[in-house]
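Each chain is listed here by its residues.
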Amino acid sequence: QVQLVESGGGLVQAGGSLRLSCAVSGRTSSLYGMGWFRQAPGKEREFVAGISLNGIRITYADSVKGRFTISRDNAKNTVYLQMNSLKPEDTAVYYCAARDPGYIGYENLIRYPYWGQGNQVTVSS
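Read on for an overview of the structure. Note that the structure is predicted; figures quoted are calculated from it, not measured. Counting restarts for each chain: residues are numbered from 1 in the order of the written sequence. Since the coordinates come from a predicted model, pLDDT governs what is reported: local features require at least 70, and pairs of side-chain atoms require 80 or more to be given and counted, while whole-chain, interface and lining totals use all residues. As a rule here, side-chain values come from all non-hydrogen atoms in the structure, and water together with hydrogens is ignored.

## A short note on the overall build of the chain
Secondary structure elements are taken from DSSP: a helix is a run of H or I of four residues or more, a strand is a run of E of two residues or more, and numbering for both begins at the N terminus. Looking only at helices and strands, the chain has 0 helices and 11 strands in total. Reading the chain from its N end, one meets helices and strands in the order β-β-β-β-β-β-β-β-β-β-β. For 125 residues, the compact-globule estimate of 2.2 N^0.38 gives 14 Å, and the chain sits close to it at 13 Å. Structurally, the chain occupies a C-alpha span of about 40 × 25 × 25 Å along its principal axes. For every residue, the accessible area (1.4 Å probe, protein chains only) is compared with the maximum for its type, and the residue is labelled buried under 20%, exposed over 50%, or partly exposed between those bounds. When each of the 125 residues of the chain is scored for burial, the buried share is 46%. Contact criterion: two residues are considered in contact whenever any of their non-hydrogen atoms come within 4.5 Å of each other. Counted over contacts in the chain with a minimum sequence separation of 6, partners at least 24 positions apart contribute 56%. Note on areas: Shrake-Rupley with a 1.4 Å probe; residue coverage comes only from the protein chains shown. For the chain, the exposed surface amounts to about 6,300 Å²; the carbon and sulfur share of it is 50%. Neither His nor the chain ends is counted toward charge; the positive residues are Lys and Arg and the negative residues Asp and Glu. Note that the charge is assigned to NZ on lysines, CZ on arginines, CG on aspartates and CD on glutamates. Of note, the chain has its 13 positive side-chain charges centred 5 Å away from the centre of its 9 negative side-chain charges. Computation of the radius of gyration draws on C-alpha atoms, with the globule rule given as 2.2 Å multiplied by the number of residues to the power 0.38.

## Looking at the side chain of Thr91
Looking at the secondary structure, you find Thr91 in the loop between β8 (78–83) and β9 (92–98). A distance of 2.9 Å separates a polar side-chain atom of Thr91 from the backbone oxygen of Pro88. Beyond its immediate stretch of four places on either side in the chain, Thr91 contacts Ala40, Gln120, Val121, Thr122 and Val123. Definition of a polar contact: a pair of N or O atoms within 3.5 Å, with one able to donate and the other able to accept a hydrogen when the atoms are protein atoms, and with sequence-neighbouring residues admitted only if both atoms are side-chain atoms.

## Considering the state of the cysteines
Defined simply, a disulfide is a covalent bond joining two cysteines at their sulfur atoms. In what follows, a disulfide is any cysteine sulfur pair within 2.5 Å. Tallied over the entire structure, the rule returns 1 disulfide. The residue that forms a disulfide with Cys22 is Cys96, at a sulfur-sulfur distance of 2.0 Å. Torsion about the S-S bond of the Cys22 and Cys96 cystine: about 60°, corresponding to right-handed handedness. Taken together, the residues Cys22 in strand β3 (residues 18–26) and Cys96 in strand β9 connect sequence positions 74 residues apart. Take Cys22 and Cys96: they sit in the same class, and that class is buried.

## Concerning unusual backbone geometry
If you check the backbone angles, Asn77 has positive phi at about 50° while not being a glycine. Note that Asn77 resides in the loop between β7 (68–73) and β8. With a phi angle near 50°, Ser85 is a residue other than glycine that sits in the positive phi range. Mapped onto the elements, Ser85 comes out in the loop between β8 and β9.

## A short note on the nonpolar core
Side-chain atoms within 4.5 Å link the members of a nonpolar core, which is a set of buried Ala, Val, Leu, Ile, Met, Phe, Trp, Tyr and Cys residues. Within the largest apolar cluster, 36 residues are counted, with the highest numbers of intra-cluster contacts made by Leu4, Met34, Trp36, Leu81, Met83 and Tyr94. Of all elements in the fold, only β1 (2–7), β3, β4 (34–39), β5 (46–51), β7, β8, β9 and β11 (119–124) reach the threshold of two or more residues within this core. Looking at this core element by element, the count peaks at 5 residues for β9. When residues no more than four places from it in sequence are discounted, the contact partners of Leu81 are Leu18, Arg19, Leu20, Trp36, Val48, Ala49, Phe68, Thr69, Ile70 and Tyr94.

## As for the pairing of β3
As defined by bridge partners, β1 adjoins β3 across 6 bridges and the pair is classed as antiparallel. Bridge pairing in β3 places Glu6 opposite Cys22. DSSP-based pairing: two strands are paired if at least 2 bridges between them are found. With 6 bridges joining them, β3 and β8 adopt antiparallel strand pairing. Each residue of the ladder has a partner; that of Arg19, found in β8, is Gln82.

As structure tokens, this is what we get:
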């Protein structure tokens, strides 16, 4: 079993920055590719960013490319999402998730068996 606990959300003005953290614990917690997803009110949950277990392979949704940075520190069992130049349309509940080791992609949320509780990010205009 793997547990994911997120922190770092909140309210920020447009153009500001936030950093989300996701602490991973449990069995072989460092041996998972990780992803960040978000869900805005009335919308489906969508992929934001993904990172391989060794941190070498990274991918982003087009909507956040150039503004968001995903990283991980396996010594601390923590994954981060640095969000810069935030826009009101980035407002959502953000979730970190641990990927199925047998899945080599990142965008299919069905292939993530472990999820954090979600963290609200609100960007005011």
